[in-house]
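Overview (structure and organization)
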Amino acid sequence: MAELENPIVMNKIITFLSSLVQRVAESNDLNSQFQIQKVSVFHGLTRPTISIQSYLERIFKYANCSPSCLIVAYVYLDRFTQKQPSLPINSFNVHRLLITSVMVAAKFMDDMYYNNAYYAKVGGISTAEMNFLEVDFLFGLSFNLNVTPTTFTTYCSYLQREMLLLQPPLDSIDSSLSLGKSLKLHLCFDEDDPSHKQRQLAV
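The structure displayed is predicted, hence computed values, not measured ones. (Residues numbered from 1 in each chain as written. Predicted model: local features only at pLDDT ≥ 70, side-chain atom pairs only at ≥ 80, totals over all residues. Heavy atoms only, no water.)

1. Quick notes on the packing of helix α5 (residues 116-123) against helix α6 (residues 127-140)
At a minimum axis separation of 8 Å, α5 and α6 run at an interaxial angle of 105°. By the criterion of interaxial angle, the relationship of α5 to α6 is roughly perpendicular. Between α5 and α6, the contacting residues are Asn 116, Ala 117, Tyr 119 and Ala 120 on the first element and Thr 127, Met 130, Asn 131 and Glu 134 on the second. (Axes fitted to C-alpha atoms, helices over the stretch in contact; angles between N-to-C directions. Helix = DSSP H or I, 4+ residues; strand = E, 2+ residues; numbered from the N terminus. Parallel < 35°, antiparallel > 145°, perpendicular 65-115°, else oblique. Contact = heavy atoms within 4.5 Å.)

Following this line, the structure appears as structure tokens:
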């Protein structure tokens, strides 16, 4: 979508995505008091002091990835949470999940991208940790990196619609839901739905 190249539009997308992810993280933080959540390589010992929005703005600024890359990273993050329900996004893992999803998306989408060492510096972690996070994220996705034009357009449309309506996406969502489950209530399809796959084949 050409409008993604508009800096104003991208700033709105970053703001909305940051708000969305933060709401999910905060909800799952509360839910952790009642349900045991698995600790993974994405889990930090403490909550990062940088806000999610500032962190995402930093990644987009210094990683120099395409606007489309950010949308694909959003798709990957949603897929990851759906495939790994025992690893809900929370305040301890959200930053590492964001930097990893953007790096993987850039490698898959963009003709030119920085290496893991550079992304590690942008994300404030070591190169060795960045390497571990990438491998774990890929396995968590079952290496399902392809994003069809239909899927890409649908995620973009969802973001545009929510930004235009200015409706917070998670106000009425139960705090126990992961990002994947929450987003599925707002997206108009489930990627595993046979009817959606048929529509993809028809495109």
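2. Quick look at the pattern of salt bridges
Following the criterion strictly, the structure yields two salt bridges and no others. A salt bridge links Arg 96 to Glu 129; the shortest N-O distance between them is 2.6 Å. Residue Arg 96 is located in helix α4 (residues 94-109), and its partner Glu 129 is located in helix α6; the two are separated by 33 residues in the primary sequence. Arg 96 sits in the buried class, given a relative accessible area of 17%. On the accessibility criterion, Glu 129 (22% relative accessible area) is partly exposed. In this structure, the salt-bridge partner of Glu 134 is Lys 107, at a minimum N-O distance of 2.8 Å. (Salt bridge = Lys/Arg side-chain N within 4 Å of Asp/Glu carboxyl O. Buried < 20%, exposed > 50% of the residue type's maximum accessible area, 1.4 Å probe, protein only.)

3. With respect to the packing of aromatic side chains
Enumeration according to the criterion identifies seven aromatic pairs in this entry. Note on Tyr 74 and Tyr 155: the rings are 5.0 Å apart at their centroids and 80° apart in plane angle, and the pair reads as edge-to-face. You can see Tyr 74 sitting in helix α3 (residues 67-83) and its partner Tyr 155 sitting in helix α7 (residues 149-165), a full 81 residues away along the chain. On the accessibility criterion, Tyr 74 (5% relative accessible area) is buried. Classification of Tyr 155 as buried rests on a relative accessible area of 1%. (Phe/Tyr/Trp six-rings, centres within 6.5 Å; stacked < 30°, edge-to-face > 60°.)

4. Things to note about the confidence of the model for the protein
Looking at the protein as a whole, the pLDDT averages 77, with 72% of positions reaching at least 70. Put simply, helix α9 (residues 194-202) is where the protein has its lowest mean pLDDT, 41, and α6 is where it has its highest, 95. In the predicted structure, residues 169-189 sits below a pLDDT of 50 and forms 50 contacts with residues beyond four places in sequence or in another chain. In this model, residues 195-203 is a region of pLDDT below 50 whose contacts with residues beyond four sequence positions or in other chains number twelve contacts. (pLDDT = per-residue confidence, 0-100.)

5. Quick notes on helix α2 (residues 52-63)
With twelve residues, α2 extends 16 Å from end C-alpha to end C-alpha; this agrees with the ideal 16 Å at 1.5 Å per step. All buried positions along α2 are accounted for by Ile 52, Tyr 55, Leu 56, Ile 59 and Ala 63. One side of α2 holds all its buried residues, which, seen down the axis, span an arc of 95°. Positioned one or two residues after α2, Asn 64 has a phi angle of 55°, which is positive. (Expected span 1.5 Å × (residues − 1). Arc of directions from axis to C-beta.)

6. Focus: the state of the cysteines
Applying the stated criterion to the full structure yields zero disulfides. Between Cys 69, a free cysteine, and Cys 65, which holds the nearest cysteine sulfur, the sulfur-to-sulfur gap is 3.9 Å. (Disulfide = S-S within 2.5 Å.)

7. Quick notes on α6
Compared with the 20 Å implied by 1.5 Å per residue over 14 residues, the 20 Å span of α6 between its first and last C-alpha is a close match. For α6, the set of buried residues is Met 130, Leu 133, Glu 134, Phe 137, Leu 138 and Gly 140. Angularly, the buried residues of α6 cover 155° about the axis, an arc narrow enough to put them on a single face. Structural note: α6 exposes Phe 132 and Phe 139 on the side pointing more than 90 degrees away from its buried face. Of the residues trailing α6, Ser 142 is marked for its positive phi of about 55°.

8. Some remarks on a nonpolar patch on the surface
Taken together, Val 135, Phe 139 and Phe 143 make up a surface patch of nonpolar side chains, about 320 Å² in accessible area. Considering the arrangement of structural elements, one finds Val 135 in helix α6. Here Val 135 falls in the partly exposed class, since its relative accessible area comes to 45%. (Patch = residues over 30% accessible without salt bridge, like charges linked within 9 Å, V, L, I, M, F, W, Y side chains within 5 Å. Areas by Shrake-Rupley, 256 points an atom, 1.4 Å probe, with all protein chains shown as cover.)

9. Re the environment of Ala 25
Take Ala 25: it is sitting in helix α1 (residues 7-31). For Ala 25, a relative accessible area of 2% corresponds to the buried category. Contacts of Ala 25, omitting those with residues within four sequence positions, involve Ile 89, Asn 90 and Ser 91.

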